[in-house]
Every structure is written in structure tokens, then in C-alpha cells.
Amino acid sequence: MKNNAEHTAGKLIICPTPIGNLGDVTDRMRAALENAQVVCAEDTRVTGKLLAALGIKRPLERLDEAMMSSRAEGVVARVLAGEVITYCSDAGMPGISDPGLRLVRAARDAGANVEVLPGPVAAATAYVASGCTNQRFFFAGFFPRKDAERRAALESVRALDAALIYYESPNRLADALQVVASVFPYREMAVCRELTKLHEEVVRGTTQEVRDVFTARAAAEGIKGEIVLVIDGPSEAENAAAAEETAADAATRAAEMRAAGVSIKDIRKALMSEFGISRNEAYGLALGE
Ligand code: SAM
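Residues numbered from 1 in each chain as written. Predicted model: local features only at pLDDT ≥ 70, side-chain atom pairs only at ≥ 80, totals over all residues. Heavy atoms only, no water.

J.: Would you mind going over the site of the ligand with me for this structure?
T.: By nearness alone, 20 residues border the ligand, and Ile19, Ile96, Ala122, Tyr167 and Ile227 come closest of all. Between Ala91 and the ligand, the recorded distance is 3.0 Å, taken from a backbone N or O atom to a nitrogen atom. Measuring from a nitrogen atom of the ligand, one finds a backbone N or O atom of Leu195 at 2.9 Å. Surface burial for the ligand is 90%, taken as the share of its 580 Å² of free accessible area covered by protein chains. For the shell around the ligand, the secondary structure elements donating two or more residues are strand S7 (163-168) and strand S10 (227-231). Across the shell around the ligand, the residue classes break down as 13 nonpolar, two polar and five charged. (Near = heavy atom within 4 Å. Polar contact = N/O pair within 3.5 Å; in protein donor to acceptor, adjacent residues only side chain to side chain. Areas by Shrake-Rupley, 256 points an atom, 1.4 Å probe, with all protein chains shown as cover. Helix = DSSP H or I, 4+ residues; strand = E, 2+ residues; numbered from the N terminus. Nonpolar A, V, L, I, M, F, W, Y, C, P; charged D, E, K, R; others polar.)

Now the structure itself:
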């Protein structure tokens, strides 16, 4: 077992960066960049531009996801030997749909000192900006690219009493919203675009309304910018529709069993276990009420 008590002077600093607004650099981020012996970056050109904009000159080393398995341990060994190394992904918090988690894990496994600075995260910013009121959220990174996978992803979290958050690209947005509207016709959602930037936009409405806005825009002028989808948790209308569907399916099954001569008691038991409905409801349906 490893813990931070085994510190050397070295430190791995996970440093978030702005998601579109240079004003979101905090004093601690600036210090982490200025004081690092080396800044490791998902893309040295991207982080190099940030350092230049901040007037900071530090050596940069590339460390992207593909390099993690071969390089993370070496970086951690340098931290254990006393180096202060700051890690940045292209934008936002490293490790959130970006490289960083495997580096932290390697540091934890080795007992190296790790400091994670809080900072911009598109998912958290969108969740609050969206206008949803659900106290819980589920973030699953990028929305799948194929319709069947999109559907399966949404169905797998349908029962969660939580807002659903996905990253999406502008050229797939209209197709993605088509699937969201068809799987969740009773929900509201928001498309949060270009957060923290000059042309920030939040479009909120029913899933069909939001789909229609962006389908029309995709056809007219195209969709640009970075996007987060925030889908509200289940609505009362959705829960009522689901309960009605279950009751209709259970009634059909009960009728089939009655026709096959199954006893009322056995029908009731079968309906309770197959459809997860209450004893009373199952009894009524078993009688054909
Ligand atoms: N590490 C980042 C974070 O903490 O949010 C996420 C990196 S991920 C590779 C990039 C995706 O995040 C974009 O495709 C978009 O879905 C979302 N994103 C990043 N910046 C955004 C912004 N300013 N507005 C809306 N979405 C953004």
C-alpha cells in the first residue's frame, strides 16, 4: 500500500486549462506552470500556445494517451527523484475524456506526491448551465457515433434518476439529437455550445424542440463549436407512459395464461416476477380486470 506520506520534494501536478476563456486561468494554475521543471502535455503545440499567452517559458514534453503505457512510469520515477512535473491536456481537466488518469494511477501506485488543481470542466459547466434541476448527474464522456450504439447507451441509463451528460461533436449533433428525441420523447434537454467563449449558447427545450432547432441549423448553415448534451432525468410523463406500457404488456400475458388454463394464483406470481408489478396489480390483471 502506498500513500502520500512517502513524499519526496518532487510532485506531479495535474493542471487543468481553460476550455475557451483565458480568464479562467487561476493563480494556482499559473504557479504550477511557472514552477514546473517540465510541463508534460497531451499536445505540446496546444500547451505551448497557452504558455506563450501567459508569458511563461518552461520546457515541454509530449505525453499523450498512446504514450502513457510506455512513459508514465518514467515520468513518475522523475517525480520520485525530486522533479516537479506539471501535466496538462489540451483543454479542461486532464483525465476527463482526456489523458491523465493513467498517469495519476502510476503515481499513486508508486507512492509519488500528486496534486490535482481544480479548474474548468465542460461537463460540470454544462450541467449547471443547462437549467436541469436534477441533483444527480451521470457523465459518460463522448456520445457514441453509431445510431445502434447511441440507442443502447441511452437505454442502459434510462432508469437512472439523474441528468445524462455527453460530449458531442458539431458534425454529429443533428444525428445524435434524432436518437435522443426518439429514445426520450418525454424528456427535456439542453445543448450547451461554446461554453465560456464569446458565442456561448444554451438551447433548452423538449428533446424534439432541441432536435428541430439543430436539424434546421445543420441544413441551413452548419453547426460549429464544442458541444455538451445534458438530458434531464426521467419526467413524470415518461414514468407514467412506462407504467402504462408495462400494464398493457402484463394484461396481454395474463390473457394468454388464462386462455392456457393457468390458475389465477400462478398468473399473479408470474406477472409479479416477469413485470415487477405489485401483488395487487398482478392480481387484478390475472383476473382480467
Ligand atoms: N478535458 C475536457 C474537460 O475537462 O471538459 C474535455 C476534453 S474532450 C477531448 C473535448 C470535448 O469537451 C469537446 O468535444 C466538447 O464536447 C467538450 N468541450 C470542451 N470545451 C467545451 C466548451 N467550451 N463548450 C462546450 N463543450 C466543450
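J.: Even after reading the chapter, I still don't get the packing of aromatic side chains, so can you show me in this structure?
T.: How two aromatic rings sit relative to each other is given by the distance of their centres and the angle of their planes. For the structure on display, the rule yields four aromatic pairs. Aromatic pair Tyr127 and Phe137: ring centres 4.5 Å apart, planes at 50 degrees, arrangement tilted. Pair noted here: Tyr127 is in helix H5 (residues 122-129) and Phe137 is in strand S6 (residues 137-142), with a separation of 10 residues, a long-range link. The class for Tyr127 is buried, based on a relative accessible area of 14%. (Phe/Tyr/Trp six-rings, centres within 6.5 Å; stacked < 30°, edge-to-face > 60°. Buried < 20%, exposed > 50% of the residue type's maximum accessible area, 1.4 Å probe, protein only.)

J.: Looking at this structure, how should I read the sheet that holds strand S2 (residues 38-41)?
T.: Hydrogen bonding along the main chain pairs the strands of a sheet, whether they run parallel or antiparallel. The strand order S3-S2-S4-S1-S5 describes an open sheet built from five strands, whose pairing is parallel. Edge positions in the sheet fall to strand S3 (60-62) and strand S5 (114-116), since each of these pairs with one other strand and no more. Neighbouring strand axes in the sheet, compared pairwise and without regard to direction, differ in orientation by 25 degrees on average. Packing of helix H1 (residues 27-34) onto the sheet brings it into contact with strand S1 (11-14), S2, strand S4 (84-88) and S5, and relative to S4 it is tilted by some 120 degrees. (Pairing = 2+ DSSP bridges. Axes fitted to C-alpha atoms, helices over the stretch in contact; angles between N-to-C directions. Contact = heavy atoms within 4.5 Å.)

J.: I tried to follow the pattern of salt bridges on my own but got confused; where do I start?
T.: As a working rule, side chains carrying opposite charge can pair if their charged atoms are close by. Following the criterion strictly, the structure yields 23 salt bridges and no others. For Lys11, the salt bridge is made with Glu115, and the minimal N-O distance between the two is 3.1 Å. With Lys11 in strand S1 and Glu115 in strand S5, the pair connects residues that are 104 residues apart, well separated along the chain. A salt bridge links Arg204 to Asp232; the shortest N-O distance between them is 2.6 Å. Remark: Asp232 occurs in the loop between S10 and helix H9 (236-259) and Arg204 occurs in strand S9 (residues 201-206); sequence separation between them is 28 residues. For Asp232, a relative accessible area of 14% translates into the label buried. Ionic contacts of the salt-bridge type, sharing partners, join the residues Asp43, Arg45, Arg62 and Asp64 into one network. (Salt bridge = Lys/Arg side-chain N within 4 Å of Asp/Glu carboxyl O.)

J.: Explain the packing of H9 against helix H11 (residues 279-287) to me, please; I cannot follow it from the model alone.
T.: The angle between the axes and the distance between the axes are what describe a pair of packed helices. Packing of H9 against H11 brings their axes to within 8 Å, and their N-to-C directions diverge by 50 degrees. By the angle class used here, H9 and H11 are oblique. Between H9 and H11 the crossing geometry is right-handed. On the side of H9, the interface is formed by Ala247, Ala250, Ala251, Ala254 and Arg258, while H11 contributes Glu281, Leu285, Ala286 and Leu287. The class makeup of the residues in the contact of H9 with H11 is seven nonpolar, no polar and two charged. (Parallel < 35°, antiparallel > 145°, perpendicular 65-115°, else oblique. Left-handed = near helix turned anticlockwise from the far one by under 90°.)

J.: Help me understand the nonpolar core, please; the structure alone is not making it clear to me.
T.: Inside soluble globular proteins, nonpolar side chains tend to come together where they are buried. Counting residues in hydrophobic clusters, the biggest one holds 21 residues, and the most contacted among them are Leu154, Val191 and Leu229. Mapped onto this core, the elements with two or more residues apiece are S7, helix H7 (173-183), strand S8 (188-193), helix H8 (207-220) and S10. The greatest single-element share of this core, amounting to six residues, is contributed by H7. The next biggest cluster of nonpolar side chains, apart from the first, holds 19 residues, and it includes Leu63, Met67, Leu103 and Ala107. (Core = buried A, V, L, I, M, F, W, Y, C linked by side-chain atoms within 4.5 Å.)

J.: What is the right way to read the sheet that holds S8 from this model?
T.: Pairing is mixed in the open sheet, where five strands are placed in the order S6-S7-S10-S8-S9. Of all the strands in the sheet, the pair left with one neighbour each is S6 and S9. Taking each pair of neighbouring strands and ignoring which way they run, the sheet shows an average axis angle of 15 degrees. Of the strand pairs in this sheet, S6 and S7 are connected by four bridges, and their pairing is parallel. Pairing of Phe142 across the sheet is with Tyr167, part of S7. Each of S8 and S9 is contacted by H8, which is oriented at about 130 degrees to S9, the strand it contacts most.

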